[in-house]
Amino acid sequence: MQETYKIGNAQTIGTRQIQSSYFATETDGCNEAAAVLADGTIDHINGRRCAVLAVETCMQEFRHVPDSEILPAFFETTAVTVQRLMHEFIYLGKQPCLSLGIQLIRGQELFYYNIGSSRMFLYDGLELRFLKKRNGKEVFKKGMTAGLISKGVWEALNEKDTALYLSGKLHPYEKAQRMISGVIEKNRKEAGNAAVVLIEGCL
């Protein structure tokens, strides 16, 4: 049976001491796919802890996700839950400024939520378009790629670079690896944590 979605990811620690970004993806193999990227944004163990907590909380919440009509409210509620858990379990010294990006694809619809320094985009094979709203919905068709990238990626790669790495018929995993290699090549001396998560529509 042909896949409905193909998923790829890659990351690098850069010059940081600790990998403060964390991500997860999940698909039911048929009609739904989800991706979460969190970045603690500081070179501190608490940044990593908060990123892991945020991603694991979101993925757990996805298993009880409500109907699409109220997904924007669901995303907002989930973000509040993440914030509460951060303060409850990881309020130790310096508090990270967490970036959180969530994508949920159902059939030919992409629902998204993004807050903080990470960015997300849609690429249809010709045009790369960044999604600038905090909470929204987009059409997602065959051949399109939904992406989540941390600050370390977009600081190093411009839109032209990103579109070039996304073009062609490689698997999203290989495209993500190429993007991270590009980040390392362009930003050797001051590279921070960088993470890429891609979901491609196949049907």
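To keep things clear, this report deals only with the structure shown in the data block.

Procedures and definitions
- Every chain's residues receive numbers from 1 upward, in the order its sequence appears when written.
- Totals for whole chains, interfaces and linings use every residue, but because this is a predicted model, local features are given only for residues with pLDDT of at least 70 and side-chain atom pairs only at 80 or more, for both listing and counting.
- In computing side-chain properties, one takes all heavy atoms of the structure into account and sets aside hydrogens as well as water.
- What counts as a helix is a DSSP run of H or I of at least four residues, what counts as a strand is a run of E of at least two, and both are numbered from the N terminus.
- Think of it in three bands: with a 1.4 Å probe and only protein chains considered, a residue is buried below 20% of the maximum accessible area for its type, exposed above 50%, and partly exposed in between.
- In what follows, residue pairs with any heavy atoms lying within 4.5 Å of each other are defined as contacts.
- Aromatic pairing here means that ring centres of Phe, Tyr or Trp (its six-membered ring) are within 6.5 Å. Orientation follows from the plane angle: under 30 degrees is stacked, over 60 is edge-to-face, and everything else is tilted.
- Pairing between strands requires that DSSP locate at least two bridges from one strand to the other.
- For every element, the axis is a line fit to its C-alpha atoms; helices are fit only across the contacting stretch, and the angle between N-to-C directions ranges from 0 to 180 degrees.

1. Some details on the side chain of Lys175
So, point 1. Structurally, Lys175 is set in helix H5 (residues 172–186).
So, point 2. Owing to a relative accessible area of 4%, Lys175 belongs among the buried residues under this scheme.
So, point 3. Other than its neighbours up to four places away in sequence, Lys175 contacts Tyr165, Leu166, Ser167, Gly168, Leu170, Leu198 and Glu200.

2. Topic: the packing of aromatic side chains
So, point 1. Counted according to the given criterion, the structure contains five aromatic pairs.
So, point 2. Between Tyr5 and Phe140, the aromatic rings sit 6.5 Å apart at their centres with planes inclined by 35°, giving tilted as the arrangement. One end of the pair, Tyr5, is in strand E1 (residues 5–12); the other, Phe140, is in the loop between strand E8 (135–139) and strand E9 (145–149), with 135 residues separating them in the sequence. Accessibility assignment for this pair places Tyr5 and Phe140 in one class, buried.
So, point 3. Ring geometry for Phe62 and Phe74: centres 6.3 Å apart, planes at 35°, overall tilted.

3. A closer look at the sheet that holds strand E4 (residues 99–106)
So, point 1. Pairing in this open sheet of five strands is antiparallel, and the strands run E2-E3-E4-E5-E8 from one edge to the other. Edge strands, defined here as strands with exactly one partner in the open sheet, are strand E2 (21–27) and E8. For this sheet, the mean inter-axis angle between neighbouring strands, taken without regard to orientation, is 10°.
So, point 2. This element, helix H2 (residues 71–89), spans E4, strand E5 (109–115) and E8 of the sheet and lies at about 30° to E5.

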